[in-house]
Amino acid sequence: MTRFSRDFGDTMQKEAVPAVSADVIFASSRFPNYKIGSNNQIMEAKDDPRVLSMKEVVARETAQLLEQQKRLSVRDLASKFEKGLAAAAKLSEEARLREAASLEKHVLLKKLRDALEALKGRVAGRNKDDVEEAIAMVEALAVQLTQREGELILEKAEVKKLANFLKQASEDAKKLVDEERAFARAEIDAARAAVQRVEDALQEHERMSRASGNQDLEELMKEVQEARRIKMLHQPSKVMDMEHELRALRKQLTEKSMQYIQLHKKLTSSKRGMENTSQLYELDGTEALGSYLRIDPCSDNAPELSKCSIQWYRISSEGGKKEPISGATKLIYAPEPFDVGRILQADIIAEGQTITLTTTSPIDPAAGLGSYVEALVRKHDVEFNVVITQMNGANHQSESIHVFHIGKMRIKLCKAKTTIAKEYYSTSMQLCGVRGGGNAAAQALFWQAKKGQSFVLAFESERERNAAIMLARRFAFDCNIMLAGPDDRAPLGS
C-alpha cells in the first residue's frame, strides 16, 4: 500500500502550480474582495458609498457650472470651463490606465486558468473538485471583467464626449471674452467721441453766446438812446392826450361800423321793396341771436295771418340748402345757436299763393356769449333758474322757481329737494329753442328728457337760455350724443 504523507501533498501542490510570470504588473497591491453567493456565483463586494468615482465628481461639477453660468461673468465662466477641461483630461488619463490594468488582469486570469487546467490533470478526488471549482470562479471573474471592460468603454466614450464639450465650451467662452472686449473697446471709443463732440459743442455755444451777448448789448444801448431821444421830444402830457385821442377814435370807429351794418341791412331791404312793390308781408326784428323775428303785414290787401299757413326754414349761407325747422309754424321765431351763420326764411301760404320772406344776412352771434359759455364749461355742474310753462304739451299754471342743472353726463330739473326729471344724455333726448310762443320765445327752450316726458322752460334772460342750449350740446357732444331739436341736423362745426 502506498502511503502519502502531508509533506508529499504539499510538495505535489507546489510543483503542480507553476510560478506566475514576473512581467505581470498588478494595478493594486491587494487582491479584490469577492464573495460566493447563491448557486456558487461570485459577487464583488460593494465599495464604500461615500467614495465617489471620478466620473460622478466631474458630472457633479459640470452641473454646478451650468447652474452658476447665469451668475458668473464671462471671464469667470471661461476659467471654470478651463478647469473642467483639465479635469476631463485627467479623467481620460485615468480611463487609459484602467484600460491597461484591465488588459493585465486578462493576462493574469488566462495564465491562472492555464495553471489550473494543468493542475486538474495531475490531481484526483476531492482536490480535483476544488480545482474545477477554482476554474469556474476564474471563468466567472473573466466574465465580470469583460462586463467591466464594456462599462469602461462606455465611460471612456462619455468622458471623451464630455471632454469635447468642455473644449468647445472653453473655445466659445474665449471667443465670447474677445467679443465682449472688442465691444467694450468700441463703446469706450464711441463714448470718447461723444464727449469730444459735447466739448466742441459747448465751446461753440460759449463762443456764440459771447458774440450774441455783445450784439444784444449794443442793440439795447441803441434802444435806450432812442427812448431818451423820444422822451426829450415828447412831454408826458402830450402822450396822455394822444392816448385819449386814440381811444376816442376807436370808439367812433366801432359806432361807425355798427351804423354801416344797419344801413347795409336797410339798403338791402329797400332794394327788395323796390324790386317787388307788391310785397304783402315783411320780417321785423334784429337778425341776431338773443332776439326774435316777427312777420308783419305791410299792405292793406294782405290776408290775415291767422288764416295763413307758415313754415320757417334754415338756409346755409354757402350751399343754399334749405332745411325746414320742425314746429316753427308761428308768426314769431326766436333764433337759436344752430341758426347762427345761416339765413332764415319764412314761407307764407295765403289764398293759394306762396310768399317767401328771408333775412337780409345770416344770423349774427350774441356779443360775449362764447366767452361766457367757455367759462361755464370749466364747471362740473351749472345751475339755471327757470319756470315751467308747459309739461308734456299742456300749460303749467304754477310759476314757482325751479333749478335746471346741466352736468357733464346728465341734465336734471328739480324744485328744492324734489327731482322732477333726471336723465343722462341719450339719442332720445331733445333740446332746442321754443319755436313760437310770442315775445318771450327768445327766453324759452324745449326739453324732451325722454319719450313721453317734455318741458318748456322760461329763463331769466335770453343770454341764460342760449348759454344753457350751447352748454348742454357741448357736454352731450363729449358723450358722442348730438343734442338738437325735433328733426334737426346739426350744422358742421356747431
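1. Some points on the overall build of the chain
(1) Moving on: When its secondary structure is counted, the chain shows seven helices and 17 strands.
(2) Moving on: Buried residues in the chain amount to 28% of all 494 residues.
(3) Moving on: For the chain, the proportion of contacts with a sequence separation of at least 24, taken over those separated by at least 6, is 57%.
(4) Moving on: If you sum the accessible surface of the chain, you get close to 34000 Å²; carbon and sulfur atoms cover 54% of it.

2. Some words on the nonpolar core
(1) Moving on: Residues Phe384, Phe404, Ile406, Tyr425, Trp447 and Leu457 are the most contacted members of the largest nonpolar core, which totals 32 residues.
(2) Moving on: Among the elements of the structure, α6 (369-377), β10 (381-391), β12 (401-407), β13 (410-415), β16 (444-450), β17 (453-459) and α7 (462-478) are those that each provide at least two residues to this core.
(3) Moving on: Looking at this core element by element, the count peaks at seven residues for α7.

3. Thoughts on the packing of aromatic side chains
(1) Moving on: Within the structure shown, the criterion is met by five aromatic pairs.
(2) Moving on: Centroid distance Phe404 to Trp447: 5.4 Å. Interplanar angle 70°. Geometry classified as edge-to-face. Of this pair, Phe404 sits in strand β12 while Trp447 sits in strand β16, and the two are 43 residues apart along the sequence.
(3) Moving on: Ring pairs connect the aromatic residues Phe384, Phe404, Trp447, Phe455 and Phe459, which therefore count as one cluster.
(4) Moving on: In this arrangement the basic side chain of Arg463 is found over the ring face of Tyr372, its NZ or CZ atom lying 4.1 Å from the centre.

4. Focus: unusual backbone geometry
(1) Moving on: Positive phi is not limited to glycine here, since Asn392 has a value of about 55°.
(2) Moving on: Structurally, Asn392 can be placed in the loop between β10 and β11 (394-395).
(3) Moving on: Even without being a glycine, Asn480 presents a positive backbone phi close to 65°.
(4) Moving on: Position of Asn480 relative to the elements: it lies in the segment after α7.

5. Comments concerning the pairing of β13
(1) Moving on: Of all six residues in β13, five are buried, a share of seventy percent or more.
(2) Moving on: Connecting β12 to the next strand, β13, in antiparallel fashion are two residues.
(3) Moving on: Both β13 and strand β14 (residues 418-424) contribute to a ladder of six bridges, which runs antiparallel. Bridge pairing in β14 links Leu413 to Ala421.
(4) Moving on: In sequence, β13 turns back onto β14 through a hairpin of two residues, with Ala416 there showing a positive phi of about 60°.

6. Description of the sheet that holds strand β3 (residues 281-284)
(1) Moving on: Spatially, three strands are ordered β3-β4-β7 in an open sheet, and the strand pairing comes out antiparallel. What marks the edges here is a single partner per strand, and that holds for β3 and β7 (332-333).
(2) Moving on: Across four bridges, the pairing between β3 and strand β4 (residues 293-297) is antiparallel. Bridge assignment links Asp284 to a residue of β4, and that residue is Arg294.

7. Some points on the pattern of salt bridges
Note on pairing: side chains with opposite charge can pair once their charged atoms come close.
(1) Moving on: Applying the stated criterion to the full structure yields 14 salt bridges.
(2) Moving on: One salt bridge in this structure joins Arg473 and Glu336, with 2.6 Å as the shortest N-O distance. Residue Arg473 is located in helix α7, and its partner Glu336 is located in the loop between β7 and β8 (342-350); the two are separated by 137 residues in the primary sequence. Here Arg473 and Glu336 have matching classes, each one buried.

8. Here we look at α6
(1) Moving on: By the burial criterion, the buried members of α6 are Leu369, Val373, Leu376 and Val377. What you see down the axis of α6 is that its buried residues fit within an arc of 105°, all on one side.
(2) Moving on: Looking at the buried positions of α6, the neighbouring elements they touch are β10 and α7.

9. Re the confidence of the model for the chain
(1) Moving on: Per-residue pLDDT for the chain averages 78, and the proportion of residues at 70 or more is 76%.
(2) Moving on: When mean pLDDT is compared element by element in the chain, β12 scores highest at 95, while helix α1 (residues 6-16) scores lowest at 44.
(3) Moving on: Note that residues 1-31 has pLDDT below 50 and, in this model, 16 contacts with residues that lie over four places away or in other chains.

10. Some details on the sheet that holds strand β5 (residues 309-316)
(1) Moving on: Read across the open sheet, the four strands follow the order β6-β5-β8-β9; overall the sheet is antiparallel. Only two strands of the sheet have a single neighbouring strand rather than two, namely β6 (322-324) and β9 (353-358). Geometrically, the sheet is characterised by an average inter-axis angle of 30° between neighbouring strands, direction not taken into account.
(2) Moving on: Pairing between β5 and β6: three bridges, direction antiparallel. Residue pairing across strands places Arg314 opposite Glu323, the latter belonging to β6.

11. Comments concerning α7
(1) Moving on: An ideal rise of 1.5 Å per residue puts 24 Å on 17 residues; α7 measures up with 25 Å between its terminal C-alpha atoms.
(2) Moving on: Burial in α7 covers these residues: Glu464, Arg465, Asn466, Ala467, Ala468, Ile469, Leu471, Ala472, Arg473, Phe475 and Ala476.
(3) Moving on: Following α7 by one or two positions, Asn480 adopts a phi angle in the positive range, close to 65°.

12. A short note on the pairing of β4
(1) Moving on: Where β4 lies against β7, two bridges are found, and the strand directions are antiparallel. Across the sheet, the residue bridging to Leu293 is Tyr333, located in β7.

13. Focus: the side chain of Arg314
(1) Moving on: Of note, Arg314 is situated in strand β5.
(2) Moving on: A polar side-chain atom of Arg314 sits 2.2 Å from a polar atom in the side chain of Asp339.

14. Describing the packing of α6 against α7
(1) Moving on: Between α6 and α7, the shortest axis-to-axis distance is 10 Å and the interhelical angle comes to 55°. The angle between α6 and α7 places the two elements in the oblique class. The interaxial crossing formed by α6 with α7 has right-handed handedness. Along the contact surface, α6 presents Leu369, Tyr372, Val373, Glu374, Leu376 and Val377, while α7 presents Arg463, Glu464, Asn466, Ala467, Met470, Leu471, Arg474 and Phe475.

The rules behind these values
- Residues numbered from 1 in each chain as written.
- Predicted model: local features only at pLDDT ≥ 70, side-chain atom pairs only at ≥ 80, totals over all residues.
- Heavy atoms only, no water.
- Helix = DSSP H or I, 4+ residues; strand = E, 2+ residues; numbered from the N terminus.
- Buried < 20%, exposed > 50% of the residue type's maximum accessible area, 1.4 Å probe, protein only.
- Contact = heavy atoms within 4.5 Å.
- Areas by Shrake-Rupley, 256 points an atom, 1.4 Å probe, with all protein chains shown as cover.
- Core = buried A, V, L, I, M, F, W, Y, C linked by side-chain atoms within 4.5 Å.
- Phe/Tyr/Trp six-rings, centres within 6.5 Å; stacked < 30°, edge-to-face > 60°.
- Lys NZ or Arg CZ within 6 Å of the ring centre and 35° of its normal.
- Pairing = 2+ DSSP bridges.
- Salt bridge = Lys/Arg side-chain N within 4 Å of Asp/Glu carboxyl O.
- Arc of directions from axis to C-beta.
- pLDDT = per-residue confidence, 0-100.
- Axes fitted to C-alpha atoms, helices over the stretch in contact; angles between N-to-C directions.
- Expected span 1.5 Å × (residues − 1).
- Polar contact = N/O pair within 3.5 Å; in protein donor to acceptor, adjacent residues only side chain to side chain.
- Parallel < 35°, antiparallel > 145°, perpendicular 65-115°, else oblique.
- Left-handed = near helix turned anticlockwise from the far one by under 90°.

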